[in-house]
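# Structural overview for review
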Amino acid sequence: MIWTPFSKQLPPEGLGVLITDGVQITCAELEIWSDGLHWWRGHGFDGYEWEFNFFDQNGGRGLTHWAHLPELPEK
C-alpha cells in the first residue's frame, strides 16, 4: 500500500480512501467546499453503520496521509 502525504496531494473528491493521523486509520470521502473548507465523511467497519463528518482546513485536522483502498479479494 502506498501512503500519500496530504502536503503532497489531496485524494480525489468523493472517492473512498484510507486516511490516517499516524495513529488510527479509517475510510473517508473528501468534499472540498467553495470557501476552501474540507468536509470528510467517514465510515466504520466494526459491525454497525455509523458516520462521522468534520470540517478541516489544509487537508487534515491532524491527518497526515491517505491511501487508495486495496483491491477486493477474489471469491
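### A look at a nonpolar patch on the surface
A contiguous nonpolar patch, built from Met1, Trp3 and Ile25 and spanning about 330 Å² of accessible area, is present on the exposed surface. Tracing the backbone shows Ile25 in strand β3 (residues 25-32).

### Topic: the side chain of Thr20
Residue position: Thr20 is located in strand β2 (residues 17-20). Here the side chain of Thr20 touches Gly22 through a polar contact of 2.9 Å, landing on its backbone nitrogen. Those residues within four positions of Thr20 in sequence are excluded, and the remaining contacts are Trp3, Ile25, Leu63, Thr64 and His65.

Parameters at a glance
Along every chain, residues carry numbers that run from 1 in the direction the sequence is written. pLDDT decides what is reported in this predicted model: residues at 70 or higher carry local features, side-chain atom pairs at 80 or more are listed and counted, and totals for whole chains, interfaces and linings draw on all residues regardless. Processing note: side-chain calculations cover all non-hydrogen atoms of the structure and skip hydrogens and water entirely. Residues form patches when they are more than 30% accessible in relative terms and have no salt bridge. Like charges link within 9 Å. Nonpolar side chains (Val, Leu, Ile, Met, Phe, Trp, Tyr) link within 5 Å. Methods summary: accessible areas were calculated by the Shrake-Rupley approach with a probe of 1.4 Å, and residue burial reflects only the protein chains presented. Within this document, salt bridges are pairs made up of a side-chain nitrogen of Lys or Arg and a carboxyl oxygen of Asp or Glu, the two lying within 4 Å of each other. The secondary structure listing takes helices from DSSP runs of H or I that are at least 4 residues long and strands from runs of E that are at least 2 residues long, numbered from the N terminus. By the criterion applied in these results, polar contacts are pairs of N or O atoms within 3.5 Å in which, for protein atoms, one can donate a hydrogen and the other can accept it, and in which residues neighboring in sequence qualify only through two side-chain atoms. Residue contacts are defined here by distance: any two heavy atoms, one from each residue, within 4.5 Å place the two residues in contact.

By themselves, these are just geometric observations and shouldn't be taken as functional.
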